[in-house]
Protein chains: 2
Amino acid sequence: MNVGVLGTGFVGQTIGTALVEKGHRVMIGSRMANNEKANAWIEQKENAFAGTFEDAARFADIIFLCINGAFIKETIKEMDSALFAGKIIIDVTNPLDFSKGMPASLLPDYSNRWSLGEEIQQLLPDAYIVKALNTVTARLMVNAELVNEGNHQMCICGNDTVAKNKVKHLLAENFMWKPEFILDMGGIESSRLMEAVVPYWLGVMQVLGTPLFNYQIVK
Amino acid sequence: MNVGVLGTGFVGQTIGTALVEKGHRVMIGSRMANNEKANAWIEQKENAFAGTFEDAARFADIIFLCINGAFIKETIKEMDSALFAGKIIIDVTNPLDFSKGMPASLLPDYSNRWSLGEEIQQLLPDAYIVKALNTVTARLMVNAELVNEGNHQMCICGNDTVAKNKVKHLLAENFMWKPEFILDMGGIESSRLMEAVVPYWLGVMQVLGTPLFNYQIVK
């Protein structure tokens, strides 16, 4: 599978590395060509490539969006939306705002009644946006078994059932998420819920003193 | 213990009934005297009383606040704040807004960077507000053992450690919450986090088809 990872931060690099190790071809994309972090990341890796966001989108069968939430809108608007048509975009982003101190809040434009997931779907109407993985720390995203033998929940949402099923399969095959723990929360508007829990997650992380945790729904 | 329960809805009645059954004296308070629901509730119960909000506050050693979130501010402003001075108020309220359809949102005044918990503490600076129980369904609030043998988390927050410890004790003694599963999230500003997860909770409830569930943090 050819995977495009948009964003060269810790989340993008962690996802890219995990997918290369699983045998996929990965292009990590950055705003400008010759990004230092991207160049460092591809060194000594087979099937790892670097390019612009548009290069990575063009290269990809499936795309992970790992850009800082604050810059998503402008970034997508600068790109040719046709590059994303018909492709699945796994949206890992969060609209976090640390500028007001703790507890962290959401960027007001993406809080309560609107979300990044919906914004991205609106900007790229011909792509299949699937919100996933945004509620756990990067290391756990790519290896669910790091916590409680993989027995904990991951919510996903998006407007297209086929796309969601493909993502579910991808998470299970590559990142050890157990399908029975993946909860389909419905359409992309449920991104509001999945993004709104992240400040809470940060609060719990502070109390526990580790980001390596997740929630298991119990009945 | 003399308990005041402010609010005659399902949550208030459920909490009141559970506390009467545990041997406490409970006054359920409503905006106006001679509230029909309150009068029906006290029938055939020993140690159950009805009165106005102010009557219930005056009567109480400890107060449960179970009023519809949308009316909290006006309701508290109408009351004599001295009645609450030095008392613990367990704030069970949520600022939910269903008027925009699903997913449910929060009342904008109490979303992202402000919360009901903080508003109540600001309106009643001499009371000890402890946010608790607002993240589960009423039946589970008063009997944690209904789910997974009581092995699941309850967050609390508030500015006063002694008050929080008393509430923790009360939840353990009366409602079967295991102290080791009660997570102290810090000051009352963490109400923002605890209220923000409730729309997510409603979404999960829709998917699961039952309100009888909760989260267990796994590491």
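Residues numbered from 1 in each chain as written. Chains lettered and ligands numbered in written order. Predicted model: local features only at pLDDT ≥ 70, side-chain atom pairs only at ≥ 80, totals over all residues. Heavy atoms only, no water.

K.L.:
Any chance you could break down the side chain of Asn2(B) for me, citing the residues and the numbers?
P.N.:
Residue and element names in this part refer to chain B. Position of Asn 2 among the secondary structure elements: in strand β1 (residues 2-6). A relative accessible area of 18% places Asn 2 in the buried class. Ignoring anything within four residues of it in the chain, the contact list for Asn 2 reads Arg 25, Phe 59, Ala 60, Asp 61 and Ile 62. (Helix = DSSP H or I, 4+ residues; strand = E, 2+ residues; numbered from the N terminus. Buried < 20%, exposed > 50% of the residue type's maximum accessible area, 1.4 Å probe, protein only. Contact = heavy atoms within 4.5 Å.)

K.L.:
Tell me about the nonpolar core, residues and numbers included.
P.N.:
One broad rule of soluble globular proteins: the nonpolar side chains tend to lie buried together. Leu6(A), Phe84(A), Leu6(B) and Phe84(B) are the most contacted members of the largest nonpolar core, which totals 78 residues. Apart from the residues lying within four places of it in its own chain, the contact partners of Phe84(A) are Leu6(A), Ala57(A), Ile63(A), Met79(A), Ile89(A), Leu124(A), Asp126(A) and Ala127(A). (Core = buried A, V, L, I, M, F, W, Y, C linked by side-chain atoms within 4.5 Å.)

K.L.:
Run through unusual backbone geometry, naming residues and quoting values.
P.N.:
Residue and element names in this part refer to chain A. A cis amide bond links Met 102 with the next residue in sequence, Pro 103, at an omega value of -5°. Even without being glycine, Glu 149 reaches a positive phi, approximately 50°. Secondary-structure assignment places Glu 149 in the loop between α6 (138-141) and β9 (154-158). The exposure class of Glu 149 is exposed, given its relative accessible area of 64%. In this structure, Met 176 takes a positive phi of about 60° despite not being glycine. Summarising the element assignment, Met 176 is placed in the loop between α7 (161-175) and β10 (182-184).

K.L.:
Could you give an account of the relation of the copies chain A and chain B, naming the residues involved and the relevant values?
P.N.:
The two copies are related by a screw motion: chain A maps onto chain B through a turn of 180° and a shift of 0.0 Å along the axis, at an RMSD of 0.0 Å. Taken together, these values place the two copies in the relation of a two-fold axis. When you check the interface residues of chain A against chain B, 100% turn up at the interface there too, and the contact is symmetric in its surfaces. (Least-squares fit on C-alpha atoms with pLDDT ≥ 70 in both.)

K.L.:
Go over the sheet that holds strand β5 (residues 88-91) of chain B with me, naming the residues and quoting the values.
P.N.:
Residues and elements named next belong to chain B. Spatially, 8 strands are ordered β3-β2-β1-β4-β5-β8-β9-β10 in an open sheet, and the strand pairing comes out mixed. Of all the strands in the sheet, the pair left with one neighbour each is β3 (48-52) and β10 (182-184). Across the sheet, the axes of successive neighbouring strands diverge by a mean angle of 25°, strand direction being ignored. Taken together, the 4 bridges between β1 and strand β4 (residues 62-65) define a ladder with parallel strand orientation. If you follow Leu 6 over to β4, its bridge partner there is Leu 65. Taken strand by strand, helix α1 (residues 10-21) contacts β1, β2 (25-30), β3 and β4, and its axis lies near 165° from that of β2. (Pairing = 2+ DSSP bridges. Axes fitted to C-alpha atoms, helices over the stretch in contact; angles between N-to-C directions.)

K.L.:
Any chance you could break down the packing of aromatic side chains for me, citing the residues and the numbers?
P.N.:
A complete count under the given rule lists 11 aromatic pairs over all chains for this structure. A ring pair is formed by Phe49(B) and Phe59(B), whose centres lie 5.6 Å apart and whose planes are at 55°; its orientation type is tilted. Taken together, the residues Phe49(B) in strand β3 and Phe59(B) in helix α3 (residues 53-59) connect sequence positions 10 residues apart. You can call Phe49(B) partly exposed: its relative accessible area is 29%. Every member of this aromatic cluster is reached through a ring pair, and the members are Tyr200(A), Trp201(A), Phe213(A), Tyr215(A), Tyr200(B), Trp201(B), Phe213(B) and Tyr215(B). (Phe/Tyr/Trp six-rings, centres within 6.5 Å; stacked < 30°, edge-to-face > 60°.)

K.L.:
Break down the state of the cysteines for me, citing the residues and quoting the values.
P.N.:
Scanning all chains against the criterion turns up 0 disulfides over all chains. For Cys66(A), which is in no disulfide, the shortest distance to another cysteine sulfur is to Cys157(A) and amounts to 16 Å. Judged by its relative accessible area of 11%, Cys66(A) is buried. Cys155(B) takes part in no disulfide bond, and the closest cysteine sulfur to it belongs to Cys157(B), at a distance of 8.6 Å. (Disulfide = S-S within 2.5 Å.)

K.L.:
How would you sum up the sheet that holds β10(A)? Please name residues and give values.
P.N.:
All names here are of chain A. The mixed open sheet is built from 8 strands, whose spatial order is β3-β2-β1-β4-β5-β8-β9-β10. Each edge of the sheet is formed by a strand with only one pairing partner; in this case those strands are β3 (48-52) and β10. Pairwise comparison of adjacent strand axes, ignoring direction, gives a mean angle of 25° for this sheet. Here 4 bridges tie strand β5 (residues 88-91) to strand β8 (residues 128-131), and the two strands are oriented parallel to one another. In the strand pairing of β8, Asp 91 is matched with Lys 131.

K.L.:
I'd like a rundown of the confidence of the model for chain A, residues and numbers included.
P.N.:
Summing up the model confidence of chain A, the mean pLDDT is 97 and the portion of residues at 70 or higher is 100%. For this predicted complex, the interface confidence comes out at an ipTM of 0.96, alongside a pTM of 0.97. (pLDDT = per-residue confidence, 0-100.)

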